[in-house]
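Chains, contacts and geometry: an overview
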Amino acid sequence: MPLIMALCVVIGIMIGTFYANHFSGNRLNIINSGSNRLNNLLHIIDDQYVDTVNINDLVEKAIPQILAELDPHSVYIAAKDAQTASDDLKGSFFGVGIEFVIREDTIHVQNVITGGPAQKAGLLAGDKIVSIDGKPFVGKEITNEEAMRKLKGPDKSKVKVGIMRCGSKKPIVYEITRGEVKTKSIMATYMLDSETGYIRIKNFGENTYAEMLVSLAQLSQHGFKNLVIDLRDNTGGYLEAAVQMANEFLPDNRLIVYTEGRKSQRQEYKTDGRGSYQTMPLVVLINENSASASEIFAGAMQDNDRGTIIGRRSFGKGLVQQQIGFPDGSLIRLTIARYYTPSGRCIQKPYNSGDNNEYKNDIVSRYEHGEFFYADSIKHDGPAYHTAGGKTVYGGGGITPDIFVAEDTTGITSYYRTASGTGLILQFAYAYTDENRQKLQQYEEMEQLSEYLVKQKTVEKFANYANTRGLQRRNLMIRKSHHLLELYINSRIIYNMLDEQAWMMYLNKDDNTINAALDFFKNKGKSPKKKQKNTRNIRPKSNNNTMQKP
């Protein structure tokens, strides 16, 4: 009997191995075969190639190329960049807590984060960092990356910085104990008028929902009756943050979004009915740079007929990435599913695997096609769907707004394009702020500082500054672009002296997308007679911020 049982076991193992190898293992064998070839290739190169090769560098360059063959959003992030890539969405990092810009080969401290380690140590806006840990840190070799590497560090670690301050003849050395520095995803919260609250969100991070609840509580103290959520230039972030936000504004058991992929079963995200603002009149602002989680939120509001979308067609990113780390600290963000709005549309715009050039140039193509100026020029690549109330919406290329706001080019000249595109305006704003900081410090409110700057004729001063740096004066063009130049220059000075909220408040004063939202509420939420309403918008790009935060 034992002999027979043993024989049965052996025969069972042989049969199981046969079927495993010839059926269920086919896919695995193909993968193993491919990976073996890659491993063999690397061994052959390492063993026989004519010159010495750094295999690690070779692999580092090969991985992005492999992922690029899949889709535009599957990416590789090297170990040295992994922490920086995650900091903004995590809501905090460990460092000294300053905003800086490198100008004339020197680090200029533009802002000191309130409550951060640098402020506690005594650093001030306007200081120039000339040494770090006793070694000079100036010159052409100074880069943003190197500065961030030296100023960021583990919690409780110390760094000594030597700074030159206005009025001092010798460097002053401060020892800073690095600590946690909070970063906010909500840039501005204030009242646009006596009834309309405004919240500007720049990304969807771990703390975005909690920040939004705080913002709503602040607006409640002012008795707001309408709400504008500004997602322009918000490139996205965590799906969960967008879901939490949407839950606050939708009734119970409403579908917010669902995801599905080849290896990912359909997962639905629905509301639980606990939201406190389910009936608050709502407008969501988007533009061509609103992507991913921004589109999830806007799509949920539009498909549930909960809010009115105003602006221009969004980016069109409907792919979901999972972050996978490697032992060396590097990571990949691999697309594992697509997300779909409640009506069933996937708003991912078309792409060709392995060829991302057309995908990258899509925004330029939209501009050239006239989509930024005329609602009728919007191309819908996907099929038509219908919202809960029967309104027609489209998949396959972003969220199309209910009320369209066109880009206005009437004040744009080649002089303005050169001034803004080369960074000369930013450089001038930094220089002007540094040179006039003591005068500017007496203006603590945006309105006061704005009125003061208008009297200073900053456009004329910029024209003289730019003329000495290769941008020849063009008086006719300067007059034509005067309003745009003044808006851009003064907004950056206000940002340097105050904060992001003051910056946004200044830009929004002259923003026709904001005006379209206010008009919508004044008309008591009545939709325009036409499907798309065309208005004009003049505004420098609000995300043109090159400062670094270590």
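So, the environment of Ile-493
With respect to the secondary-structure elements, Ile-493 resides in helix α18 (residues 482-497). By relative accessible area, which is 0% here, Ile-493 ends up buried. Each C-alpha atom, one on Ile-493 and one on Arg-437, is 10.0 Å from the other, the two residues being 56 residues apart in sequence. Those residues in contact with Ile-493 that lie beyond four places of it in its chain are Ala-429, Tyr-432, Thr-433, Leu-440, Leu-453 and Thr-458.

As for the nonpolar core
Counting 56 residues, the largest nonpolar core has Leu-449, Phe-462 and Leu-485 as its most contacted members. Sequence-distant contacts of Leu-449, defined by excluding residues within four places in its chain, comprise Leu-440, Tyr-443, Ile-494, Met-497 and Leu-498. By size, the runner-up hydrophobic cluster in this structure holds 40 residues, among which are Leu-219, Phe-249, Met-280 and Ala-337.

Some points on the packing of aromatic side chains
In this structure the tally under the stated criterion is 15 aromatic pairs. Between Tyr-351 and Tyr-359, the ring centres sit 6.3 Å apart and the planes meet at 90°, which makes this aromatic pair edge-to-face. With a relative accessible area of 8%, Tyr-359 lands in the buried category. The side chain of Arg-492 reaches across the aromatic face of Tyr-495, ending 5.0 Å from its centre.

Quick word on the pattern of salt bridges
Applying the stated rule across the entire model yields 25 salt bridges. In this structure, the salt-bridge partner of Glu-500 is Lys-202, at a minimum N-O distance of 3.2 Å. One end of the pair, Glu-500, is in helix α19 (residues 500-508); the other, Lys-202, is in the loop between β11 (196-201) and α7 (208-221), with 298 residues separating them in the sequence. Overall, Lys-202 belongs to the partly exposed group, its relative accessible area being 24%. Where Asp-230 meets Arg-232, a salt bridge forms, and the shortest distance between an N and an O atom there is 2.7 Å. In this pair, the class of Asp-230 matches that of Arg-232, namely buried. A cluster of three or more residues bridged by salt bridges with shared partners is formed by Arg-200, Asp-230, Arg-232, Asp-233 and Asp-511.

A word on the packing of helix α8 (residues 239-247) against helix α9 (residues 293-303)
Two elements in contact, α8 and α9, have axes separated by 8 Å at closest approach and are oriented at 25°. Here α9 runs roughly parallel to α8, going by the angle between their axes. Seen along the crossing, α8 lies across α9 with a hand that is right-handed. From α8, Leu-239, Ala-242, Met-245 and Ala-246 reach across to α9, where they touch Ala-293, Ile-296, Phe-297, Ala-300 and Met-301. The class makeup of the residues in the contact of α8 with α9 is nine nonpolar, no polar and no charged.

So, the packing of helix α16 (residues 458-467) against α18
Two numbers describe how α16 lies on α18: the axes approach to 9 Å, and their chain directions differ by 90°. In terms of orientation, α16 lies roughly perpendicular with respect to α18. Contact with α16, carried on its side by Thr-458, Val-459 and Phe-462, involves His-482, Leu-485, Glu-486, Ile-489, Asn-490 and Ile-493 of α18 and no other residues of that element. Here the residues of the contact of α16 with α18 sort into five nonpolar, three polar and one charged.

Some details on α19
When you tally the buried positions in α19, you get seven out of nine residues, the bulk of the element. All buried positions along α19 are accounted for by Glu-500, Ala-502, Trp-503, Met-504, Tyr-506, Leu-507 and Asn-508. The elements touched by buried residues of α19 are β10 (186-191), β11, α15 (446-455), α18 and α20 (512-522). For α19, the N-terminal capping position is held by Asp-499, with its side-chain oxygen 3.2 Å away from the main-chain nitrogen of Gln-501.

Some words on the confidence of the model for the chain
This prediction gives the chain a mean pLDDT of 89; 89% of its residues lie at or above 70. In the predicted structure, residues 23-28 sits below a pLDDT of 50 and forms three contacts with residues beyond four places in sequence or in another chain. Scored below 50 in pLDDT, residues 528-536 shows 30 contacts in the model against residues more than four places distant or in partner chains.

Things to note about the environment of Tyr-394
Mapping Tyr-394 onto the fold places it in strand β20 (residues 392-394). Given a relative accessible area of 25%, Tyr-394 falls into the partly exposed group. Measuring from C-alpha to C-alpha, the distance between Tyr-394 and Ala-384 comes to 4.6 Å, with 10 residues separating the pair along the chain.

Definitions and limits used
Residues numbered from 1 in each chain as written. Predicted model: local features only at pLDDT ≥ 70, side-chain atom pairs only at ≥ 80, totals over all residues. Heavy atoms only, no water. Helix = DSSP H or I, 4+ residues; strand = E, 2+ residues; numbered from the N terminus. Buried < 20%, exposed > 50% of the residue type's maximum accessible area, 1.4 Å probe, protein only. Contact = heavy atoms within 4.5 Å. Core = buried A, V, L, I, M, F, W, Y, C linked by side-chain atoms within 4.5 Å. Phe/Tyr/Trp six-rings, centres within 6.5 Å; stacked < 30°, edge-to-face > 60°. Lys NZ or Arg CZ within 6 Å of the ring centre and 35° of its normal. Salt bridge = Lys/Arg side-chain N within 4 Å of Asp/Glu carboxyl O. Axes fitted to C-alpha atoms, helices over the stretch in contact; angles between N-to-C directions. Parallel < 35°, antiparallel > 145°, perpendicular 65-115°, else oblique. Left-handed = near helix turned anticlockwise from the far one by under 90°. Nonpolar A, V, L, I, M, F, W, Y, C, P; charged D, E, K, R; others polar. Polar contact = N/O pair within 3.5 Å; in protein donor to acceptor, adjacent residues only side chain to side chain. pLDDT = per-residue confidence, 0-100.

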